[in-house]
Amino acid sequence: MDNKNFSSRIRNIVIYIIVFLLGLACLLPLWNIVAISLSSGTAAAANKVGLFPVDFTLVAYRKIIDDNQFWHSFGVSVIRVFFGLVLNIALCVVMAYPLTKSKREFKGRNIYMNLLIFAMLFNGGMIPNFILVKNLGLLNSVWSLILPGALPIFSVILVMNFFLGIPKSLEEAAFIDGATPIQVLTRVLVPCSKPSIATVALFSIVGNWNDFFSGLIYMQKARNYPIMTYIQSLQIDMQEMLKQTTSSDALGNLTELSNRNLNAAKIMVAIIPLLMIYPLLQRYLISGMVMGAVKE
Amino acid sequence: MNLLLFIIWRFALEQEEDMKTKSRLSRTGRSYHLMMLPGMIFLIVFSYIPMAGLIMAFQNFIPAKGFFGSEMVGLQHFAYMFQLPDIWKIMRNTVGIALGKIIIGTVIAIAFSILLNEIRIKFFKKTIQTIVYLPHFLSWVVLASVIVNMFNLDGSVNQILVGFGAEKINFLGNYKVFPGLIVGTDVWKEYGYNSVVYLAAITAIDPGLHEAAAIDGASWWKRVWNVTIPGMMPIILLMAAMSLTTILSAGFDQIYNLYSPMVYETGDVLDTYVYRVGLVGRQYSFGAAVGLLRSIIGMVLLLTANGLTKKFTDRKIF
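About the thresholds
- Residue positions are given per chain, counting from 1 as you read along its sequence in written order.
- Starting at A for chains and at 1 for ligands, labels are handed out in the order in which the entities are written.
- Whole-chain, interface and lining totals are the exception, using all residues; otherwise, since this is a predicted model, local features are given only for residues with pLDDT of at least 70 and side-chain atom pairs are given and counted only at 80 or more.
- Hydrogens and waters are ignored; side-chain quantities use all the structure's heavy atoms.
- Comment: elements are numbered from the N terminus, with helices defined as DSSP H or I runs of at least four residues and strands as E runs of at least two.
- Type-normalised accessible area, obtained with a 1.4 Å probe on protein chains alone, sets the label of each residue: buried when under 20%, exposed when over 50%, and partly exposed for intermediate values.
- By definition in these notes, contact holds between two residues if any of their heavy atoms fall within 4.5 Å.
- Shrake-Rupley sampling with a 1.4 Å probe provides the accessible areas, and residues are treated as covered by the protein chains on show and by no other component.
- By the counting rule applied here, Lys and Arg register as positive and Asp and Glu as negative, while His and the ends of each chain are not counted.
- Throughout, a charge is located at the NZ atom of Lys, the CZ atom of Arg, the CG atom of Asp or the CD atom of Glu.
- Axis definition: a line fitted to C-alpha atoms, over the contacting stretch in the case of helices. Angles run 0 to 180 degrees between N-to-C directions.
- Angular relationships are summarised with four words: roughly parallel below 35 degrees, roughly antiparallel beyond 145, roughly perpendicular across 65 to 115, and oblique for the angles in between.
- Handedness of each helix crossing follows the sense of rotation of the near helix against the far helix: counterclockwise by less than a right angle gives left-handed, clockwise gives right-handed.
- Asp, Glu, Lys and Arg are counted as charged, while Ala, Val, Leu, Ile, Met, Phe, Trp, Tyr, Cys and Pro are counted as nonpolar; the rest, among them Gly, fall into the polar class.
- Between rings of Phe, Tyr and Trp, where Trp is taken as its six-membered ring, a pair exists when centres lie within 6.5 Å; planes separated by under 30 degrees are stacked, by over 60 edge-to-face, and by other angles tilted.
- What makes a salt bridge here is a side-chain nitrogen of Lys or Arg within 4 Å of a carboxyl oxygen of Asp or Glu, nothing more.
- Polar contacts, as used here, are pairs of N or O atoms within 3.5 Å; protein pairs need one atom able to donate a hydrogen and one able to accept it. Residues neighboring in sequence count only if both atoms are side-chain atoms.
- One fewer than the residue count of a helix, multiplied by 1.5 Å, yields its expected span.

What about the overall build of chain A?
And step 1. Along chain A, the regular secondary structure elements total 17 helices and zero strands.
And step 2. Across the 296 residues in chain A, those meeting the buried criterion constitute 55%.
And step 3. Contacts in chain A between residues far apart in sequence, at least 24 positions, make up 70% of those at least 6 positions apart.
And step 4. Counting every atom, chain A has about 13200 Å² of accessible surface; 66% of that belongs to carbon and sulfur.

Written as structure tokens, this is what we have:
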């Protein structure tokens, strides 16, 4: 018995160590960026920064305050997330409701549903989408980032499924009291569906904030880049250089590399909005994701 | 993508019997049609018009001439595509990288969830969970710069290699190690978030089974193999079915932010190829033809995933 306890204790210690190391593996690379952003330009350029800032300074963050382009891009992303979120939620909720009706109550319901499902299964792809946005004259406008993704079909189906789970009697009681469909939707169904609407909203925020690709193809002037496209444009030249040059060449080009602490600070500021909603993400996109999914 | 499907599936009802109960109040459908209208406008403009635009795959599309003025060439672009040695290389890269991500990612996520389930100290468990779920929510743009910092020739990984007396490895510029880097960093980003589903599956296993096995003298390993993993099997199968949908998207954002001409040999995938040749190179018709092929295979995969989901569980995705 003693022997067994001993081996199970060893096992537990090993498990704790492995889990701890896996956690560190996720944290340290991100922490490294924090440390670089707080270090001096020369220390960052010489790759001296590990887990602790070298020559601690806030100069990189101070430079960002005056960086016009950074805040312009940040603003483009804020506008995009705001309108993207409003459109996503409004279209989702308003479309999901009629789709919960049976064929008899709502003639044409199945046609609409099939149109949605087909668009989810099949899409025109990158190039026809680009030509469309170009022909609509949306290039270089913030609407080119918002409108193509305004109707998230997966989210419509998600909200529809959630509405279907709400007891019909609630809805009928409201109809008997003389409510219109819109009132039933806004006063009965939406207040009952907060978890699913929160899920859809968080998808929308994270997706819109993190997307760099639409900015890259639809914004032909770098001035109008959303934040992630802007960050990406900062890195692309440096990456090329780092990949191709030997270390001595890279060190010869200190002016370019000394931006490394500045870029790290920009990355930190760019992910602050996501860190701020992280508790909500944990609640709805992590814990909420599995509730009821597994049969007890 | 596969977790998105999972979330939708989780909100789905068990067989839609509610749909058939007929309301006592019959209403005219007009207000319902009105409610569908705004969404349908977006659907037609931003989904169906681009689908119609795929006609350009059968044309020599020139933007100035438009869809009606461009010359029709039939299947010429498809014939050309299948002659290119590139397309087979790209297919191989795409499927290879995607399968690597699916298989290794699943194994690591399952292993991590089993280990995490053994952790009894609440504070420790919560902290670890908070940390490992974070990378999933960060953009590849951000993570690419983290990865470049670590894996470039002077980065910390190479410093460690040199410290052990090994040779430096040009992770980002050597086409032999590049797919490994892509698979590894994707697993690193996603294993935490992927483990959520498996952890829930473990907690749903009847503790009585574990106790019975323990009384019969089964060791921890034996209990993991014979109780935990079989108990997780339905969810493992479900997730495997859903991950079919990712086979043709080996991860554009990730690869685009990390690759370079030096690693095209093994790192170029369908989406990056369409972007580079079709959009940047302005071979619109050829790019659309490759894109069309990708969309068709993607549709078949999604239908298969939905069919399998329906078979494994009594719910469906759509």
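There's more to say after this.
Observations regarding the overall build of chain B
And step 1. When helices and strands are tallied, chain B shows 15 helices and two strands.
And step 2. For chain B, the spread of C-alpha atoms along the three principal axes comes to 80 × 80 × 30 Å.
And step 3. Here chain B, with 318 residues, has 55% of them falling under the buried criterion.
And step 4. Considering only contacts in chain B between residues 6 or more positions apart, those separated by 24 or more positions represent 67%.
And step 5. When the accessible surface of chain B is totalled, it reaches about 14200 Å², and 66% of it is carbon and sulfur.
And step 6. Averaging the positions of the 26 positive and the 19 negative side-chain charges in chain B gives two centres separated by 6 Å.

As for the packing of helix H11 (residues 194–210) of chain A against helix H17 (residues 278–290) of chain A
Residues and elements named next belong to chain A.
And step 1. Where H11 meets H17, the closest approach of the two axes is 9 Å, and the angle between their N-to-C directions is 120°. Compared by their axis directions, H11 and H17 come out oblique. Once H11 is placed against H17, the crossing between them reads as left-handed. The segment H11 lies against H17, with Pro195, Ala198, Thr199, Leu202, Phe203 and Val206 engaging Leu280, Leu281, Tyr284 and Leu285.
And step 2. Considered class by class, the residues forming the contact of H11 with H17 number nine nonpolar, one polar and no charged.

Things to note about the packing of aromatic side chains
Residues and elements named next belong to chain B.
And step 1. All chains considered together, the criterion is met by 37 aromatic pairs over all chains.
And step 2. Between tyrosine 256 and tyrosine 275, the ring centres sit 5.4 Å apart and the planes meet at 90°, which makes this aromatic pair edge-to-face. Of this pair, tyrosine 256 sits in helix H12 (residues 252–258) while tyrosine 275 sits in helix H14 (residues 270–280), and the two are 19 residues apart along the sequence. Each of the two residues, tyrosine 256 as well as tyrosine 275, counts as buried.

Looking at the interface of chain A and chain B
And step 1. Listed by partner, the interface residues are 114 residues for chain A and 117 residues for chain B.
And step 2. The interface formed by chain A and chain B holds zero salt bridges in total.
And step 3. Counting across the interface, chain A meets chain B through 14 residue pairs in polar contact (both at pLDDT 80 or more).
And step 4. Among the elements that take part in the side of chain A that touches chain B, helix H1 (residues 2–37) of chain A stands out by supplying 17 residues, more than any other.

Looking at helix H6 (residues 122–137) of chain B
And step 1. With 16 residues, H6(B) extends 23 Å from end C-alpha to end C-alpha; this agrees with the ideal 22 Å at 1.5 Å per step.
And step 2. Along H6(B), the residues that are buried comprise Phe124(B), Ile128(B), Gln129(B), Ile131(B), Val132(B), Tyr133(B), Leu134(B), Pro135(B) and Phe137(B).

Describing the pattern of salt bridges
Residues and elements named next belong to chain A.
And step 1. In the structure shown here, the tally under the stated rule is eight salt bridges over all chains.
And step 2. The closest approach of N and O atoms between glutamate 171 and lysine 101, which form a salt bridge, is 2.3 Å. Taken together, the residues span a long stretch of sequence, with glutamate 171 in helix H9 (residues 168–176) and lysine 101 in the loop between helix H4 (68–99) and helix H5 (109–121) at a distance of 70 residues. You'll find glutamate 171 and lysine 101 in the same group, each marked buried.

Brief notes about the environment of Ile64(A)
All names here are of chain A.
And step 1. Relative to the helices and strands, isoleucine 64 resides in helix H3 (residues 59–65).
And step 2. Taking the relative accessible area as the measure of exposure, isoleucine 64 reaches 2% and is therefore buried.
And step 3. On a C-alpha basis, the gap between isoleucine 64 and cysteine 26 in space is 27 Å, while along the polypeptide they are 38 residues apart.

A closer look at helix H7 (residues 140–151) of chain B
Along an α-helix, residues three or four apart share an orientation, since each turn contains 3.6 residues.
Residue and element names in this part refer to chain B.
And step 1. Taking 1.5 Å per residue as the helical rise, H7 with its 12 residues ought to reach 16 Å, and the 15 Å between its terminal C-alpha atoms agrees with that figure.
And step 2. Counting buried positions over the 12 residues of H7 gives 12, a clear majority of the element.
And step 3. The opening residue of H7 is serine 139, an N-cap whose side-chain oxygen sits 3.0 Å from the backbone nitrogen of valine 141.

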